[in-house]
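Structural description and commentary
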2 protein chains.
Amino acid sequence: MEYEDEDWLCVTMEEFSLATENGCSRQGMGKKRNYDDDTREFKSKNLETERRRREKLSSRLLMLRAIVPIITNMNKATIIDDAITYIEKLQDKVQSLSQELHQMEATSDETADTKIDDIDSAEDMKNLGIQEEVSVAQIDGNKLWIKIIIEKRRGRFSKLMEALDNFGIELIDTNLTTTKGAFLITSCIQDKDGERLEIQQTKHLLQDIINDK
Amino acid sequence: MEYEDEDWLCVTMEEFSLATENGCSRQGMGKKRNYDDDTREFKSKNLETERRRREKLSSRLLMLRAIVPIITNMNKATIIDDAITYIEKLQDKVQSLSQELHQMEATSDETADTKIDDIDSAEDMKNLGIQEEVSVAQIDGNKLWIKIIIEKRRGRFSKLMEALDNFGIELIDTNLTTTKGAFLITSCIQDKDGERLEIQQTKHLLQDIINDK
DNA sequence: GTTTACACGTGAGCC
DNA sequence: TGGCTCACGTGTAAA
């Protein structure tokens, strides 16, 4: 790594880059190197490969910068920095959102301790000979009378009311009676938009609501 | 890749880096260059700065790789690639979650067209001289009888039922009657956990539920 | 032996 | 001017 003549460094790097970039006139053919036959310039084997790699990486950085909304600086490092903070922000948001959603779903759901109530209710119903039942009858053109007997489970009634509301069913007159093991629900209902409610359809809807939710 | 006279290129770059790295003894002092006075090596002005910049960027890339869960390759480019896809995935997730949450909130909320109903209901109530009312009375140790008269608004009853359920209040016997402009709700309630329900507290709770939600 | 990815030191350009 | 970032071509080591 040493050699005596002076100033070797001052020329080499500058001249080298100039030579390769501008196609300098000196074209001596070295033995150990590859040279382009047309321009007679020296070319490293992986020059274009490296060039592609660089521009690939740069383009990815630009893409990354494109989808990250918060911009502090256009530096390469800060681009990644912003991306990191953005990802962390997104992760937090996803976590809080899913947590909120889960909470919201859990609020009207049965919890573990209520399953004991469910079992008790089922046993009570069984012991008392109460059968689950869904009846639907027509009152007039757009009004139905429904009667539902189901196991008494925590939140089941409010969930049923909510489901009926979501399906556009309006409660004209509703009665809920609770025995130890069962709900007895009777109600006069009609469609909120004035459309006709079919008996069989409504009965199946009610059964679906009860069984599903 | 050829040059006639000297092999200047073959030596320069290689020797250069080796010289600078290993501290070669050759110390020809150039005029235009900065040299370390001790080792007599050539040093570019921004050598260490650039070195710091590089290691900074590399560390950021490592941090980025650290928080991105999906790993396809350890390449610098693919790290950014994975980060991009991960960010897109996170964005999609956030969007779908917030949409779902918004939908869930909207299902039991009043929509724009129902406000007309609300106004009509309010006018009907006003015309009929119906006053909103919340009454609470004690039945026995842990049972209360409540009576609520409120404007008839879409989803208000089911929301009330849900709120009571969330507050651990069990509906023993409930009756809902709908006139054109108002809900009349009467119910016998008790605490689900057997705790005592205070009259004033319950009344305020009901008023809060009605006014808030 | 070939390919691939990376770190290196440098010059240019831009505040 | 100096500080700082970037692209460049290269050597090198691992696959």
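Calculation criteria
- Residues numbered from 1 in each chain as written.
- Chains lettered and ligands numbered in written order.
- Predicted model: local features only at pLDDT ≥ 70, side-chain atom pairs only at ≥ 80, totals over all residues.
- Heavy atoms only, no water.
- Helix = DSSP H or I, 4+ residues; strand = E, 2+ residues; numbered from the N terminus.
- Expected span 1.5 Å × (residues − 1).
- Buried < 20%, exposed > 50% of the residue type's maximum accessible area, 1.4 Å probe, protein only.
- Arc of directions from axis to C-beta.
- Pairing = 2+ DSSP bridges.
- Axes fitted to C-alpha atoms, helices over the stretch in contact; angles between N-to-C directions.
- Salt bridge = Lys/Arg side-chain N within 4 Å of Asp/Glu carboxyl O.
- Polar contact = N/O pair within 3.5 Å; in protein donor to acceptor, adjacent residues only side chain to side chain.
- Contact = heavy atoms within 4.5 Å.

1. Focus on helix 2 (residues 47–67) of chain A
All names here are of chain A. The end-to-end C-alpha separation of helix 2 is 31 Å, in line with the 30 Å expected for 21 residues at 1.5 Å each. What helix 2 keeps buried is the set Leu-57, Arg-60, Leu-61, Leu-64 and Arg-65. Taken end-on, helix 2 shows its buried residues confined to a sector of 140°, consistent with a single buried face. The outward face of helix 2, more than 90 degrees from its buried face, is lined by the exposed residues Glu-55, Leu-62 and Ala-66.

2. So, the sheet that holds strand 2 (residues 143–151) of chain A
Read across the open sheet, the eight strands follow the order 1(A)-2(A)-4(A)-3(A)-3(B)-4(B)-2(B)-1(B); overall the sheet is antiparallel. Each edge of the open sheet is held by one strand with a lone partner, namely strand 1 (133–140) of chain A together with strand 1 (133–140) of chain B. On average, each strand axis in the sheet is inclined to that of its neighbour by 20°, with strand direction left out of account. Judged from the nine bridges that link them, strand 2 of chain A and strand 4 (residues 182–191) of chain A form a sheet pairing that is antiparallel. Directly across from Lys-147 of chain A, in strand 4 of chain A, lies its bridge partner Thr-186 of chain A.

3. Let's talk about the pattern of salt bridges
One pass over the structure, following the stated rule, counts 16 salt bridges over all chains. With its nearest N and O atoms 2.0 Å apart, the salt bridge here joins Asp-81 of chain B to Arg-60 of chain A. Remark: Arg-60 of chain A occurs in helix 2 and Asp-81 of chain B occurs in helix 3 (residues 76–107); the pair is interchain, linking two chains. Taking the relative accessible area as the measure of exposure, Asp-81 of chain B reaches 24% and is therefore partly exposed. Residues Glu-50 of chain B and Arg-53 of chain B are paired through a salt bridge, measuring 2.8 Å at the closest nitrogen-oxygen approach. On the criterion of helical spacing, the pair formed by Glu-50 of chain B and Arg-53 of chain B is a turn pair, its members being three residues apart in helix 2 (residues 47–67). A relative accessible area of 40% places Arg-53 of chain B in the partly exposed class.

4. Quick notes on the side chain of Asn-175 of chain A
Mapped onto the fold, Asn-175 of chain A is located in strand 3 (residues 169–178). Here Thr-177 of chain A takes part through its side chain, which lies 3.2 Å from a polar atom of the side chain of Asn-175 of chain A. Look past the residues within four positions of Asn-175 of chain A in its chain and what remains in contact with it is Leu-184, Ile-185 and Thr-186 of chain A together with Thr-174 and Asn-175 of chain B.

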